[in-house]
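# Observations on the three-dimensional arrangement
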Amino acid sequence: MERISLNFDKTFDFISKDSIFSYKEAIENHNRALFNKTGKGNDFLGWTNLPTSISEAELADYEATAAKLVSKDIDIFVVIGIGGSYLGSKAVVDALSDSFAHLKTRKNPFILFAGQNISEDYLFELRELLKTKEYAMAVISKSGTTTEPALAFRLLKQDIEDKYGKAEANERIVAITDASKGALRSLATIEGYKTFVIPDDVGGRYSVLTPVGLLAIAVAGFDIRALVQGAVDMEKATGVDVPFEENLSAQYAAVRNELYKSGKKVEILVNYNPKLHFFAEWWKQLYGESEGKESKGIFPAAVDFSSDLHSMGQYIQEGERTLFETVLSVASPDREVRIPTDTADLDGLNFLAGKRVDEVNKMAELGTMLAHVDGGVPNIQIVLPKLNEYFLGQLIQFFEVACGLSGYTLGVNPFDQPGVEAYKKNMFALLEKPGYEEATKAIKKRL
Ligand SMILES: O=P(O)(O)OC[C@H]1O[C@](O)(CO)[C@@H](O)[C@@H]1O
């Protein structure tokens, strides 16, 4: 199998190869704890062997449901969800879509998102747009009780029922949630929506390869079988008995932990293709929610280069020396654009004539990596041969396994997120939610 590759040579000015390989035994033990489901948070380890456990019947169901929705000639498929219930599908759909798909004639509907913020303007404008379009929607919440998607769904449910009538609206709504618990499960049962189950042992940020991600990706017209196949191959390539020397996830986990120990507290995920912007958002949740606890953890940040070289480049080159970068590099672009000759050559670019634009991009990438290393920023590089479903599937599983190993190495439980409750508690107290009376009194005294 052709694989994504990992190169961490450009960290050796900062940490030694020996120090990285000193993690071998510990990380191999962590890998066994992950795959044998004996480590911390082991009730949320269903994602480790998720790719190989997806059945033909499940894939066929996602594809058939997507085809049924698309056959209604919908312009838009609205995905209502937040965090892990939206970032995975957004990441994959954006990575695979034409950059201007929203302005072009398409075979498949455009995927829009709701419930990922509480902006009144966003919801107003979305509802206005939907009045003029044909649409269907998926409402996704593992807990079934998250405020942001519940609020958006309350509004959009009324709109879709008003537009199509209740019976047809119910045909256009798919609910993806827990098998038995939560308000969304109860509502879906009452309304008779088509439903899909998010497995109990797969947390939100590890759920892109469940119906949470796969349905929307199929509706958008992408090959979910190739995506899953990539993840299957990476599951095997990082599995329980794979030695450290061959396990890319284990090596990435070791390098980032050693960099963290050496004082590099911020990891910046870099891309040179704007289609990967939301992949970085998915990655930020994966690593931020998994590792940021007990006053520890690398802060995950992201930049889109070369755009952000003209905004954040200065800081990365010369600011606080607590950064390292992980560059997502795509070896070959899908399309070919060559730079033309210009007789006047007033812009002085004739030295590039005949070259592909990607050659310039690649030299920007290499030049930046070398400059940043010179400036004190270690660089890791992950290369995808192409930006397609198969290699994205590999990359997803690679990062998930590495995240589990990295969290175990750091000594935290990478599969809970207790800190997220703090803002919710305050928001409910401020909104005077029944049951929060004491908290309301206490918070009001602070205002
Ligand atoms: O799918 P749910 O349960 O609505 O949760 C959405 C997101 O909210 C969180 O639970 C944080 O509150 C994330 O972990 C999760 O991805």
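Cut-off values and rules
Residues numbered from 1 in each chain as written. Predicted model: local features only at pLDDT ≥ 70, side-chain atom pairs only at ≥ 80, totals over all residues. Heavy atoms only, no water. UniProt positions renumbered as here; feature names shortened; annotations may be inferred. Helix = DSSP H or I, 4+ residues; strand = E, 2+ residues; numbered from the N terminus. Buried < 20%, exposed > 50% of the residue type's maximum accessible area, 1.4 Å probe, protein only. Pairing = 2+ DSSP bridges. Axes fitted to C-alpha atoms, helices over the stretch in contact; angles between N-to-C directions. Right-handed = clockwise from strand over helix to strand, strands pointing away. Domains from an automatic or database assignment. Contact = heavy atoms within 4.5 Å. Buried area = accessible area lost by both parts, 1.4 Å probe. Salt bridge = Lys/Arg side-chain N within 4 Å of Asp/Glu carboxyl O. Phe/Tyr/Trp six-rings, centres within 6.5 Å; stacked < 30°, edge-to-face > 60°.

Under the annotation held in an unreviewed UniProt entry, the protein chain carries the name Glucose-6-phosphate isomerase and is attributed to Aquipluma nitroreducens. Per UniProt, the protein chain carries the Function (unreviewed entry) text "Catalyzes the reversible isomerization of glucose-6-phosphate to fructose-6-phosphate." UniProt, in its Sequence similarities (unreviewed entry) section for the protein chain, records the words "Belongs to the GPI family."

The positions that UniProt labels "active site" (unreviewed entry) are, in the present scheme, Glu289 and Lys424. Structurally, Glu289 can be placed in helix H13 (residues 277–291). Within the secondary structure layout, Lys424 lies in helix H17 (residues 421–430).

The next thing to look at is unusual backbone geometry. The linkage connecting Phe305 with the following residue, Ser306, adopts the cis geometry, with an omega of 5°. Checked against the element boundaries, Ser306 lands in the loop between strand S8 (299–304) and helix H14 (313–318). Phi is positive for Glu294, which is not a glycine, with a value near 55°. Here Glu294 lies in the loop between H13 and S8. For Glu294, a relative accessible area of 53% puts it in the exposed group. At Asp345, a residue that is not glycine, the phi angle is positive and equals roughly 50°.

Moving on, we come to the sheet that holds strand S6 (residues 194–197). The five strands are arranged S3-S2-S4-S5-S6 in an open sheet whose pairing can be described as parallel. On the outer flanks of this sheet lie strand S3 (110–114) and S6, each paired with one strand and no other. Ignoring which end each strand starts from, the neighbouring axes of this sheet average 20° apart. Looking at chain direction, strand S4 (residues 135–141) and strand S5 (residues 173–177) are connected through five bridges and run parallel. Note that in S5 the partner of Met137 across the bridge is Ile173.

Turning to the pairing of strand S9 (residues 323–330), a few remarks are in order. Among the eight residues of S9, eight are classified as buried, and the element is accordingly described as predominantly covered. By the alternation rule, side chains of S9 split into Leu323, Glu325, Val327 and Ser329 and Phe324, Thr326, Leu328 and Val330, which are all buried. In the sheet, S9 pairs with strand S10 (residues 379–384) via six bridges, with the strands oriented parallel. Residue pairing across strands places Glu325 opposite Asn379, the latter belonging to S10. As a crossover connection, the stretch from S9 through helix H15 (residues 357–374) into S10 is right-handed.

Let us look at the domain arrangement of the protein chain. Domain boundaries assigned for the protein chain yield domain 1 (5–36 + 240–415) and domain 2 (50–227). For domain 1 and domain 2, the distance between their C-alpha centres works out to 30 Å. Taken together, the contacts link 24 residues of domain 1 with 23 residues of domain 2. Buried area between domain 1 and domain 2, summed over both chains or domains, comes out near 2,000 Å², and the portion from carbon and sulfur atoms is 63%. Among the residues domain 1 hides against domain 2, the three largest losses belong to Lys275, Phe278 and Glu389. Together they make up 34% of the total. Across the domain 1-domain 2 interface, the total number found is one salt bridge.

Let us look at the packing of aromatic side chains. The final tally for this structure, using the stated rule, is 22 aromatic pairs. Between Tyr252 and Phe399, the aromatic rings sit 5.6 Å apart at their centres with planes inclined by 65°, giving edge-to-face as the arrangement. One end of the pair, Tyr252, is in helix H12 (residues 248–261); the other, Phe399, is in helix H16 (residues 389–410), and 147 residues separate them in sequence. We note that Tyr252, like Phe399, is buried.

Take the sheet that holds S9 next. Taken together, five strands build an open sheet; the order of strands is S1-S10-S9-S7-S8 and the sheet is mixed. Each edge of the open sheet is held by one strand with a lone partner, namely strand S1 (5–7) and S8. With direction set aside, neighbouring strand axes in the sheet form an average angle of 20°. When strand S7 (residues 266–271) meets S9, the two strands line up parallel, connected through six bridges. Opposite Asn271, over in S9, you have Leu328 as the bridge partner. Against the sheet, H15 contacts S9 and S10, and its axis sits at roughly 165° relative to S9.

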